[in-house]
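Secondary and tertiary structure notes
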Amino acid sequence: MRRASNLILFAVDASWSMAVSERMQATKGAIMSLLTDAYQRRDRVGLVVFQKDRASLVLSPTNSVLLAKKALANIPVGGKTPLSAGLLLSYETVRRETTLNPDVVPMIILLTDGAGNVSISDQAPQDEAHRIATMIREHDIKTVTINMEHVAFDRGLASRLAEKLGGPCYTLGQLHAELLYQTVRQEMETPR
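So, here is what we can say about the structure in this document. Bear in mind that the values here come from a model prediction, so they are computed numbers and not experimental data.

Here we come to the overall build of the chain. Along the backbone of the chain there are 6 helices and 6 strands. Beginning at the N terminus, the succession of helices and strands in the chain can be written as β-α-β-β-α-α-β-α-β-α-β-α. Residues counted as buried form 50% of the 192 residues belonging to the chain. In the chain, of all internal contacts separated by at least 6 residues, the share reaching a separation of at least 24 is 78%. Of the accessible surface of the chain, which amounts to about 9,000 Å², a share of 53% is contributed by carbon and sulfur atoms.

Take a look at the structure:
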């Protein structure tokens, strides 16, 4: 029996609030660990980045470590936080992949402080993000939220978003590459 392949889609908040270099470095390190592992397991990895007024699929789902390294090296940072756009593009990417490969098991790993401040509709940014998060949960897409807010400033926005997504939320303090890697592996093996 062929093992179902996993699709690990990273959705990374690259707004000014996230631009602190050690956060980005930790994020890139964790993604590289997961990429190397995904390559060995024949999983596919994608990367959505959101900042300023848009979300971009900077790495279409692939198992190429080389392509991923290139995409990670050039993550643009700065600007506002279009959280809804990032969530929606992540959702659309997963849906497209699962339509093409029905046996794929998708997971979105969201790295954010949860503070969206740009809408894609006339809804308030946080309400809109929560609505899209609920849609992701209702389509049984596994999620792991990594709260990138500094503990001294945490207003609980990432954990509220994680509740809407229906997945766990971990904090920045737990974000070193090895632990994030272990956490994601564990979440992937846990039935929804």
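Core analysis: the largest hydrophobic core is formed by 30 residues, its most contacted members being F10, L47 and I109. Broken down by secondary-structure element, the contributors of at least two residues to this core are β1 (6–13), α1 (21–41), β2 (44–51), α2 (65–73), β4 (105–112), β5 (142–147) and α6 (177–189). Ranked by residues supplied to this core, first place goes to α1 with 7 residues. I109 has contacts with I8, L9, F10, A11, L34, V144, I146 and V184, leaving out every residue within four places of it along the chain. In terms of nonpolar packing, the next biggest core, distinct from the first, is built from 20 residues, A11, V94, I108 and I141 among them.

It is worth spelling out the pattern of salt bridges at this point. Going through the model one piece at a time under the given rule, you end up with 2 salt bridges. Between E97 and R44 there is a salt bridge; the shortest N-O distance is 2.7 Å. Remark: R44 occurs in strand β2 and E97 occurs in helix α3 (residues 83–100); sequence separation between them is 53 residues. R44 gets classed as partly exposed once you look at its relative accessible area, which sits at 26%.

Turning to the packing of helix α4 (residues 125–138) against helix α5 (residues 157–165), a few remarks are in order. Taken N-terminus to C-terminus, the directions of α4 and α5 make an angle of 35°; their axes are 7 Å apart at the nearest point. In contact with Q126, A129, H130, A133, T134, I136 and R137 of α4, α5 contributes L157, R160, L161, E163, K164 and L165. Within the contact of α4 with α5, the residues separate by chemical class into 6 nonpolar, 3 polar and 4 charged.

Parameters at a glance
Residues numbered from 1 in each chain as written. Predicted model: local features only at pLDDT ≥ 70, side-chain atom pairs only at ≥ 80, totals over all residues. Heavy atoms only, no water. Helix = DSSP H or I, 4+ residues; strand = E, 2+ residues; numbered from the N terminus. Buried < 20%, exposed > 50% of the residue type's maximum accessible area, 1.4 Å probe, protein only. Contact = heavy atoms within 4.5 Å. Areas by Shrake-Rupley, 256 points an atom, 1.4 Å probe, with all protein chains shown as cover. Core = buried A, V, L, I, M, F, W, Y, C linked by side-chain atoms within 4.5 Å. Salt bridge = Lys/Arg side-chain N within 4 Å of Asp/Glu carboxyl O. Axes fitted to C-alpha atoms, helices over the stretch in contact; angles between N-to-C directions. Nonpolar A, V, L, I, M, F, W, Y, C, P; charged D, E, K, R; others polar.

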